[in-house]
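# Structure assessment
Residues per chain, in single letters:
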Amino acid sequence: MSVPLPDNKKRKITSSLPEDVLLKAFELMSTAKAMTELYEANKEVTAKYVHATSRGHEAIQLALGLQLKPQDYLSAYYRDDSILLAIGMKPYELMLQLLGKRDDPFSGGRTYYCHPSLKRDDMPKIPMQSSATGMQAIPTTGIAMGIQYRELTGLDDANIAEKPVVVCSLGDASITEGEVAEAFQMAVLKKLPILYLVQDNEWDISANAKEIRAQDATEYARGFKGLEVRTINGSDFVKSYETVKEVLAIIRKERRPFLIHAKVPLLNHHTSGVRKEWYRDDLEEASKRDPFPMLRNQMLVAGFDNKELNTIVTEAEYFVESQYQEALKAEDPKPEDLFLHDFAPTPITEEKGERSPAGKQATVMVDSALFAIRELMAKHKECLLYGQDVGGRLGGVFREAATLAQQFGDSRVFNTPIMEAFIIGSTVGMSAAGLKPIVEVQFADYIWPGLNQLFTEVSRSCYLSNGKWPVSCVIRVPIGAYGSGGPYHSSSVESVLANIRGIKIAYPSTGADLKGLLKSAYYDPNPVVIFEHKGLYWSKIKGTEEAKTIEPDEDYVIPFGKARLVQTAEPAEKKQTLTIITYGMGVYWAKKASKQFPEQIEILDLRTLNPIDEEAIFNSVRKHNRCIVLTEEPANNSFAQALAGRISEHCFNSLDAPVHVIGSENLPAIPLNSVLEATMLPNAEKVAKSIEEVLQF
């Protein structure tokens, strides 16, 4: 819908805003209001899938959306359909998502109304986000950090007149989330070009502000030194527009963070499934702050004609109805669509490069990784590394990043605060900004605060954006028990991560594999977690010397989902054989144990846990008819136990014995004392005992 401007000779407009802006805002506000009313009138259809609308929030949302530019980035939350209208989306497009249709431009019918993800040249870019109850603050701040990095390193033209701004829209109840605090901390620490728009309607769902917050957004934000705040009546379109205009201009020029705290009424339901009349006692009071009559009155005072405004309202209602009827006719997703876009296609499909170049000495595993990253950073300016203590002073607690900050500078290799959620979640934004972050969680035990971001934001971005926004990142995680690290530095966590669909997982056992998989992970457009066993880093544990390998050449890559045969065995008529399926430290326990059973034990190193090399696993099991799955984790309910079940299902007719799983003792933590630690973990002796039992079955 587009309303032509009337002949200016018929009236004199007295407003601080241009006539076309006021008309456009009223047209869009009428459209948003008509959509809310249509959804309510047709709730038997529209409420099939849960939705929320912007009713009551329209003025501040339109004030923002009308001023965003194609170079900007937007994180719009689930009540922001007026922002989407303002940037140029049509009601029909929004309704396709409302109704879960196949051509829903955001997710292809995969996620809720007003959960946008957009990648159009003529509109602000909207990376995928979750239901946005605070979690989106970290990925969106990551975008701003990525933009700043591009500007500092010359990846972007420094002479661009209107530099991009990142906008993170938040509901007031969401800012009590700890992850929002992490985002605010990094925004002020790094002086990032981001605007946090907090729309404060004083309601969570049924909980009111007085019950759930100690201070409002303005008071809270002032605790973050460097986060400048504007507090406004978000129902006043003119004031909202002027404030947004001022703040965006400052951010574009001065490249520093702002927060706008807009106080607004919630005039519709929390969502279609949680209706306002069930618990609200302030509806009459809230209606007095309705932005629609406020804008209408401002326009009448400014000189607009009442009849003309009535025409706009009528045309908006007709337009929305016609768009709805078209959306109802749209095609539903096909069953086969379910299986699209879990991962973006990777270019690494076969092993390439030289694994063991002549004339080189063996390199410890930790240095193989260091050299791989050094080569990547030298070749790709969009590659950067950050995490706790990886900067120039230390270069990582395992020296896994030593010399990198000195070589590539503090803007490319830098320390973060103790913020595992930010470290992991910011990769969503960095990737969206066209960068390739390599980040580190210092110990596997520390990954738990980051699981929310890994599961909700990182792993689902490609799938829920219908392939538009895969997250291209590498997450390094030192793992495993070594040298009496105790209960907070020794855990194995792969089973938890293996249950997060949408991420790839590597777990190499040699330096050559670590380098090849790191390179492959870098060129993969999907999120990759690489587990690096601390006990193999320097091959100091007796029996792990073969983790130290010749460093492969710069071009060496290993495709994910290809296991490595560590040791082969051939079945004989009078000799039983078996295969051990393992990874990480298990490779070395298996090798040592196998010496007691010459030519009887085949060992398959998985190298990657997702994807997994089922073909190699099943071929080896069918060849030997007996199998042990060996892990460092406690076996109960583990990845290894699930793999044993898969082997039993697919190789049942070939098995001459039950699949045996060996793991650590089923206890809550690995103790500090070295005797207790050794008792807890598998070892060669325990593996040998299991081999004997399976061979004799």
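For the structure itself, look to the data block above.
Below, the structure is looked at part by part. Remember, it's a predicted structure, so these values are computed and weren't measured experimentally.

### A word on the environment of D445
Within the secondary structure, D445 is located in the loop between β9 (436-440) and α17 (451-458). Through-space distance from the C-alpha of D445 to that of Y488 is 5.6 Å; in sequence the pair is 43 residues apart. When near neighbours in sequence (up to four residues on either side) are disregarded, D445 contacts P487, Y488, H489, S490 and S491. Among the polar contacts made by the side chain of D445, one reaches the main-chain amide nitrogen of H489 at a distance of 3.4 Å. There is a polar contact of 3.0 Å between the side chain of D445 and the backbone nitrogen of S490.

### Notes on the side chain of D513
Mapped onto the secondary structure, D513 falls in helix α20 (residues 511-523). One polar contact links D513 to R355, side chain to side chain, over a distance of 2.7 Å. Here D513 is in contact with R355, P508, I558, R564, D605 and R607, once residues within four sequence places are set aside.

### Remarks on the sheet that holds strand β5 (residues 258-263)
Adjacent strands of a sheet pair through backbone hydrogen bonds, lying either parallel or antiparallel. Pairing is parallel across the open sheet formed by 5 strands, whose spatial order is β1-β2-β3-β5-β4. Bordering the open sheet on either side are β1 (73-75) and β4 (228-233), each of which pairs with just one other strand. When the angles between neighbouring strand axes are averaged without regard to direction, this sheet yields 15 degrees. As judged from the 6 bridges shared by strand β2 (residues 166-171) and strand β3 (residues 194-200), these two strands associate in the parallel manner. The residue of β3 that forms the bridge with C168 is Y196.

### Focus on unusual backbone geometry
The amide bond that connects N610 to the next residue, P611, takes the cis arrangement and shows omega of 0 degrees. Mapped onto the fold, P611 is located in the loop between β17 (608-610) and α22 (614-624). Residues other than glycine seldom take positive phi values, yet R399 does so here, at roughly 60 degrees. Relative to the assigned elements, R399 resides in the loop between β7 (383-387) and α15 (404-408). Of note, the phi angle at N466 is positive, near 60 degrees, even though the residue is not glycine. With respect to the element layout, N466 can be found in the loop between α18 (461-464) and β10 (473-479).

### Re the packing of helix α6 (residues 137-152) against helix α16 (residues 420-432)
At a minimum axis distance of 6 Å, the contact between α6 and α16 shows a crossing angle of 55 degrees. On the basis of their axis angle, the class for α6 and α16 is oblique. α6 and α16 meet at a crossing whose hand is right-handed. Contacts from I138, P139, T141, G142, I143, M145 and G146 in α6 reach A421, F422, G425, S426, V428, G429, M430 and A432 in α16. Of the residues belonging to the contact of α6 with α16, the class tally is 9 nonpolar, 6 polar and no charged.

### As for the sheet that holds β17
Pairing in this open sheet of 7 strands is mixed, and the strands run β8-β7-β9-β10-β12-β11-β17 from one edge to the other. Looking along the sheet, the strands with just one partner apiece sit at the ends: β8 (413-415) and β17. Ignoring which end each strand starts from, the neighbouring axes of this sheet average 20 degrees apart. For β7 and β9, the ladder comprises 5 bridges, and the chain directions are parallel. Directly across from L384, in β9, lies its bridge partner P437.

### Overview of helix α23 (residues 639-650)
Since the α-helix turns once every 3.6 residues, residues separated by three or four places project in the same direction. Taking 1.5 Å as the rise per residue, α23 with 12 residues should run 16 Å; its terminal C-alpha atoms sit 17 Å apart, in good agreement. Check the buried side of α23 and you find it contacts α19 (494-498), β15 (578-582), β17, α22, β18 (627-634) and β19 (660-664). Its side-chain oxygen placed 3.3 Å from the backbone nitrogen of A640, S638 serves as the N-cap of α23.

### Observations regarding the packing of aromatic side chains
Taken as a whole and assessed by the stated rule, the structure comprises 19 aromatic pairs. For the pair Y507 and F531, a centre-to-centre distance of 5.7 Å together with 50 degrees between the ring planes defines the contact as tilted. With Y507 in the loop between β11 (504-506) and α20 and F531 in strand β12 (residues 527-533), the pair connects residues that are 24 residues apart, well separated along the chain. For Y507, a relative accessible area of 2% puts it in the buried group.

### What to know about helix α21 (residues 586-594)
When you tally the buried positions in α21, you get 8 out of 9 residues, the bulk of the element. Residues of α21 that are buried sit in contact with β14 (564-567), β15, β16 (601-605), β18 and α25 (684-695).

### A look at the pattern of salt bridges
By the definition in use, this model includes 40 salt bridges. The salt bridge partner of R102 is D337, with a shortest N-O separation of 2.7 Å. Here R102, found in the loop between α5 (91-98) and α6, pairs with D337, found in the loop between α13 (306-329) and β6 (362-363); they are 235 residues apart in sequence, far enough to count as distant. Take R102: its relative accessible area is 28%, and that puts it in the partly exposed class. With its nearest N and O atoms 3.4 Å apart, the salt bridge here joins E326 to K329. Of this pair, E326 and K329 both sit in helix α13, 3 residues apart, which is roughly one turn of that helix. Each member of the salt-bridge network shares a partner with another, and the members are E228, R230, E246, E254 and R256.

So, how was this worked out
Residues numbered from 1 in each chain as written. Predicted model: local features only at pLDDT ≥ 70, side-chain atom pairs only at ≥ 80, totals over all residues. Heavy atoms only, no water. Helix = DSSP H or I, 4+ residues; strand = E, 2+ residues; numbered from the N terminus. Contact = heavy atoms within 4.5 Å. Polar contact = N/O pair within 3.5 Å; in protein donor to acceptor, adjacent residues only side chain to side chain. Pairing = 2+ DSSP bridges. Axes fitted to C-alpha atoms, helices over the stretch in contact; angles between N-to-C directions. Parallel < 35°, antiparallel > 145°, perpendicular 65-115°, else oblique. Left-handed = near helix turned anticlockwise from the far one by under 90°. Nonpolar A, V, L, I, M, F, W, Y, C, P; charged D, E, K, R; others polar. Expected span 1.5 Å × (residues − 1). Phe/Tyr/Trp six-rings, centres within 6.5 Å; stacked < 30°, edge-to-face > 60°. Buried < 20%, exposed > 50% of the residue type's maximum accessible area, 1.4 Å probe, protein only. Salt bridge = Lys/Arg side-chain N within 4 Å of Asp/Glu carboxyl O.

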